[in-house]
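Chain and residue survey
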Amino acid sequence: LAIQFITERESPLRDKRVRQALNLAVNRERIVQLILGGSTEIASQASVKAAFGFDPALSPLPYDPTRAKQLLSEAGYANGFRMPTSVTIGNSPNDTTVFQQVASDLAKVGVEMVVSGMPLSQFSRFLYEGDWGNAIAFMKSNKLSTLARINVRVPTSVTRRDAKFSGSFQAW
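Since this is a predicted model, take the numbers as computed values, not measurements. (Residues numbered from 1 in each chain as written. Predicted model: local features only at pLDDT ≥ 70, side-chain atom pairs only at ≥ 80, totals over all residues. Heavy atoms only, no water.)

**Points about the overall build of the chain**
A count of helices and strands for the chain gives five helices and six strands. Its helices and strands taken in sequence order, the chain reads β-α-α-α-β-α-β-α-β-β-β from the N to the C terminus. Counting every position in the chain, which comprises 172 residues, the buried fraction comes to 44%. Accessible surface computed for the chain: about 8800 Å², of which carbon and sulfur atoms make up 50%. (Helix = DSSP H or I, 4+ residues; strand = E, 2+ residues; numbered from the N terminus. Buried < 20%, exposed > 50% of the residue type's maximum accessible area, 1.4 Å probe, protein only. Areas by Shrake-Rupley, 256 points an atom, 1.4 Å probe, with all protein chains shown as cover.)

**Looking at the pairing of strand S3 (residues 111-118)**
Here strand S2 (residues 81-88) pairs with S3 via eight bridges, running parallel. Across the sheet, the residue bridging to proline 84 is valine 114, located in S3. (Pairing = 2+ DSSP bridges.)

**Re the packing of helix H2 (residues 28-35) against helix H4 (residues 95-107)**
One way to put it is that H2 packs onto H4 with a least axis distance of 11 Å and a crossing angle of 150°. If you check the angle between H2 and H4, you find them roughly antiparallel. Viewed along their axes, H2 and H4 form a crossing whose handedness is right-handed. Of the residues in H4, those in contact with Arg30, Ile31 and Ile35 of H2 are Thr97, Val98, Gln101 and Val102. Across the contact of H2 with H4, the residue classes break down as four nonpolar, two polar and one charged. (Axes fitted to C-alpha atoms, helices over the stretch in contact; angles between N-to-C directions. Parallel < 35°, antiparallel > 145°, perpendicular 65-115°, else oblique. Left-handed = near helix turned anticlockwise from the far one by under 90°. Contact = heavy atoms within 4.5 Å. Nonpolar A, V, L, I, M, F, W, Y, C, P; charged D, E, K, R; others polar.)

Structure (structure tokens):
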């Protein structure tokens, strides 16, 4: 599962502490065990073990909603905020349930993740045209064993020059 945050526009997501808080707020172990049936493991990075660039020294981030709330408060969002999120649906097993769980976990720290589904064709158009309105979440894998991750990846560029993103942070 990957969530790409749009950080070019004015948004709470421009603050690194907010992105870190969102990472810490998601209970990945619960998702892996209860929703994905223990068929995968929590990722420590965007690369899978067999991929070039995988760093075995990196550990998965912990589930720490207390620290997440603290970071949100430090960033000026003690009362949370609303985060519209477009998600691709029907591409991976249990993807809708996973997105619902992520939204539930974020709500516990005060972040309202407003989920709207979209087909993969629309996601592809957004990618090509750079017309990103919200945070984007999608699940993609050839094997279930590589699913247990939210990679908060913020590309430095995509197809169009005006579709710029900044920063990078791995979530789960």
